[in-house]
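Fold and contact review
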Amino acid sequence: MTTNPLGDLVASLGHAVVVTGTDTDVGKTYATAALTVSGWNVGRRRIAVYKPQQTGMRGGEPGDVDDVARLARAAGVPPEALTTAEGQRLTEPMAPPPAAAIDGVELLPLSEHVMKIVELQESHDLVIVEGSGGVLVELDGDRRTIADLAVALQEACGEPGGAAQTGRAAAETSGQLSSPETSEPVNAVERDGGTVSTVLVARPDLGTLNHTLLSLEALLHRGVEVAGVVLGSWPADPDRLATSNREYLADLPPVAGRRVPLLGAVPRGWGGAA
């Protein structure tokens, strides 16, 4: 059994968590798996993981949700506790619109993804939605993105966009923010959020500060309830650059008038190769 790097973080999040990233290959799948394990650890006994668009996979090849399930099982989540689902599968490893064009199919509308997620919420204690690529990668034929999906999901759950607070002060008071020098698990805090939370996964490498701030600005501008940032590929032996970036992300300046906390870090390759 592997140790969960995000501890009991899910206790402070909503019953639906949207996982997006500053880019592709930043560790969203590992972060999604760690959030799944966190959910199990805090008593969520029926957990669903939904991938709206899975690209770069053919037929019965294992996709990202299968990697999440494998990592979660290795960390002690019983297989019967976890439901995995994909909205649509496309064969080319690229953004959904060009991948769909090559496959000769239409992308599912955003409303269908929202409907599937709401249906999963009815029979699960926690639904985690893993996006494709970065914040503004288009998901449907109307150029709507994972950020738009998060807002639509908030509205479907009765939450006006941007109504919730990120609660950095409470995080600091309770010790939720992890130390820049370690990848110790975070501790959950009580926060005045709704039923839908969005987590932004970032990399610790050169350029991440600009990518993270731009992504947060895009999310908050659209009214997305951002719970915080997770470093999705934290190195075993971080160099000065990675450590400096983590220190900065742990004390971000306000973005669009909001304080956004660093929620923790998932070690690179956590739980085994995916």
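Residues numbered from 1 in each chain as written. Predicted model: local features only at pLDDT ≥ 70, side-chain atom pairs only at ≥ 80, totals over all residues. Heavy atoms only, no water.

Further remarks concern the nonpolar core. Counting residues in each nonpolar core, the largest one holds 38 residues, and the members touching the most others are Leu149 and Leu216. For this core, the element with the most residues is helix H5 (residues 146–156), which contributes 6 residues. Leaving out residues up to four positions away in the same chain, Leu216 has contacts with Leu200, Val226, Val229, Leu252, Val255 and Val260. Counting residues in each nonpolar core, the second largest holds 34 residues, with Val49, Val68, Leu82 and Val201 among its members. (Core = buried A, V, L, I, M, F, W, Y, C linked by side-chain atoms within 4.5 Å. Buried < 20%, exposed > 50% of the residue type's maximum accessible area, 1.4 Å probe, protein only. Helix = DSSP H or I, 4+ residues; strand = E, 2+ residues; numbered from the N terminus. Contact = heavy atoms within 4.5 Å.)

Moving on, we come to the sheet that holds strand S6 (residues 226–234). If you walk across this open sheet you meet the 7 strands as S3-S2-S4-S1-S5-S6-S7, and the pairing is parallel. Edge positions in the sheet fall to strand S3 (82–89) and strand S7 (262–267), since each has one partner strand and no second. The sheet shows a mean angle of 20° between the axes of neighbouring strands, direction not considered. Pairing of strand S5 (residues 196–202) with S6 involves 5 bridges; the strand directions are parallel. (Pairing = 2+ DSSP bridges. Axes fitted to C-alpha atoms, helices over the stretch in contact; angles between N-to-C directions.)

Glancing now at the packing of aromatic side chains. Evaluation of the coordinates by the stated rule reveals 0 aromatic pairs. One residue, Arg45, lies across the ring of Trp40, its end atom 3.7 Å from the ring centre. Here Arg246 stacks its cationic end above the ring of Trp234, 4.7 Å away from the centre of that ring. (Phe/Tyr/Trp six-rings, centres within 6.5 Å; stacked < 30°, edge-to-face > 60°. Lys NZ or Arg CZ within 6 Å of the ring centre and 35° of its normal.)

Next up on the list: unusual backbone geometry. Positive phi, close to 60°, is recorded for Asp25, a residue that is not glycine. The exposure class assigned to Asp25 is exposed, which follows from its relative accessible area of 68%. With a phi close to 65°, Arg143 is a non-glycine residue in the positive phi region. Position of Arg143 relative to the elements: it lies in the loop between strand S4 (126–134) and H5. A relative accessible area of 62% places Arg143 in the exposed class.

This next bit is on the layout of surface pockets. Approximately 530 Å³ is the volume attributed to the largest pocket. Lining the largest pocket are 28 residues, and of these Thr24, Asp25, Lys28, Thr29 and Asp64 sit closest to its centre. Elements that contribute at least two residues to the lining of the largest pocket include exactly helix H1 (28–41), strand S2 (47–54), helix H2 (64–74), S4 and S6. When residues of the lining of the largest pocket are assigned to their parent elements, the largest contribution, 4 residues, is made by S4. Among the residues forming the lining of the largest pocket, the class breakdown is 8 nonpolar, 13 polar and 7 charged. (1 Å grid on protein atoms, 1.4 Å probe; cavity = no way out; pocket = protein on both sides within 12 Å on 5 of 7 lines; lining within 4 Å. Points joined across faces, edges and corners; volume = space filled by probe spheres on them. Nonpolar A, V, L, I, M, F, W, Y, C, P; charged D, E, K, R; others polar.)

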